[in-house]
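If you want the building blocks of each chain, they are given just below.
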Amino acid sequence: MLTHFIINLLGIKDKHVEIFDSGEEQGVFWFELYTRVKIQKCPKCKSRTKRIHSYRMQKIQSSSVVGKRVYLHVKKRRYRCTTYAHTFIL
């Protein structure tokens, strides 16, 4: 699969986004997207962490391609601050 072509077609600018899976069902295209794990700064204390707390999937309707609807399934990641043990999402 030409993932860089699909990411450009969908208009995604973030270089850390990758396509995990894709398909077509009943005239609807769908893509599962995720980002690579990287070190994040806690928004409260500014400490750096790479520790993951949990994941969740979010379904987003995107613009249509060749007259068919497109849904993006984004795997969102929640991080845990190692200093104060609170969680945050970026």
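In every chain, residue numbers begin from 1 and rise along the written sequence. Local features in this predicted model are restricted to residues of pLDDT 70 or higher, and side-chain atom pairs are both shown and tallied only at a pLDDT of 80 or more, whereas totals for entire chains, interfaces and linings draw on every residue. Heavy atoms throughout the structure, all of them, feed into the side-chain values; hydrogens and water do not.

Would you mind going over the pattern of salt bridges with me for this structure?
Salt bridges are defined as contacts in which a side-chain nitrogen from Lys or Arg sits within 4 Å of a carboxyl oxygen from Asp or Glu. Using the criterion set out here, one finds 2 salt bridges in the structure. Ionic pairing is found between E18 and R36, a salt bridge with its closest N-O pair at 2.4 Å. Note that E18 is positioned in strand 1 (residues 17–25) and R36 in the loop between strand 2 (28–35) and strand 3 (40–41), a separation of 18 residues in sequence. Residue E18 is classed as partly exposed on the basis of its relative accessible area, which comes to 25%. Burial classes: relative accessible area under 20% of the type maximum marks a residue as buried, over 50% as exposed, and values in between as partly exposed (1.4 Å probe, protein chains only). In this structure R36 comes out as partly exposed when scored by relative accessible area, which is 38%. The way it works is that DSSP assigns letters per residue, a run of H or I at least four long becomes a helix, a run of E at least two long becomes a strand, and they are numbered from the N terminus.

Sorry, what's going on with the environment of G67 here?
By the element assignment, G67 lies in the loop between strand 5 (52–65) and strand 6 (68–80). You can call G67 exposed: its relative accessible area is 74%. When the C-alpha atoms of G67 and V28 are compared, they prove to be 9.5 Å apart, with 39 residues separating the residues in sequence.

Could you clarify how one ought to interpret the UniProt feature "domain: Transposase IS204/IS1001/IS1096/IS1165 zinc-finger" (unreviewed entry) in the protein in this entry?
Within this structure's numbering, the places UniProt gives as "domain: Transposase IS204/IS1001/IS1096/IS1165 zinc-finger" (unreviewed entry) are residues 41–81. Within the segment residues 41–81, helix and strand shares are 0% and 73% respectively, and the terminal C-alpha atoms sit 9 Å apart. UniProt positions are given in the numbering used here, feature names are shortened, and annotations may be inferred rather than shown by experiment.

Sorry if this is basic, but what is going on with the pairing of strand 6 here?
Each regular strand displays side chains that alternate between the two surfaces of the sheet. Bridging between strand 2 and strand 6 involves 6 bridges; their strand directions are parallel. Looking across to strand 6, one finds that F29 is bridged to V70. Here strand 5 pairs with strand 6 via 11 bridges, running antiparallel. Its bridge partner being in strand 6, K59 is matched across the sheet by H73. Here the rule is simple: two strands pair whenever DSSP picks up at least two bridges between them. Between strand 5 and strand 6, which pair antiparallel and follow one another directly, the connecting turn spans 2 residues, one of which, V66, has a positive phi of 45°. Pairing between strand 6 and strand 7 (residues 87–89): 3 bridges, direction antiparallel. The partner of R80 across the bridge, within strand 7, is T87.

Is there a simple way to think about the environment of T87 in this case?
With respect to the helices, strands and loops of the structure, T87 is situated in strand 7. For T87 and G23, which are 64 residues apart along the polypeptide, the C-alpha to C-alpha distance reads 33 Å. A distance of 3.1 Å separates the side chain of T87 from the side chain of R78, its partner in a polar contact. For this analysis, a polar contact is any N or O atom pair within 3.5 Å, provided that within protein one partner can donate a hydrogen and the other can accept it, and provided that sequence-adjacent residues contribute only side-chain to side-chain pairs.

Is there a simple way to explain the packing of aromatic side chains in this structure?
Two aromatic rings, taken as a pair, are described by how far apart their centres are and by the angle between their planes. Pairing of aromatic rings covers Phe, Tyr and Trp, the last counted by its six-membered ring, and requires centre-to-centre distances within 6.5 Å; plane angles under 30 degrees mean stacked, over 60 mean edge-to-face, and any other angle means tilted. All told, the structure shown has 2 aromatic pairs when counted by the stated rule. A centroid spacing of 6.4 Å and a plane angle of 80° characterise the contact between F20 and Y34, whose relative ring orientation is edge-to-face. Placement of the pair is F20 in strand 1 and Y34 in strand 2, with a sequence separation of 14 residues. A residue is classified by how much of its surface remains accessible, and F20, at 60% relative accessible area, is exposed. With a centroid separation of 5.9 Å and 25° between ring planes, the pair formed by Y79 and F88 is classed as stacked. Classification of F88 as buried rests on a relative accessible area of 5%. Over the face of the ring belonging to Y55 we find K75, whose NZ or CZ atom lies 4.4 Å from the ring centre. A ring has a charge above it when a Lys NZ or an Arg CZ is no more than 6 Å from the ring centre and no more than 35 degrees off the ring normal.

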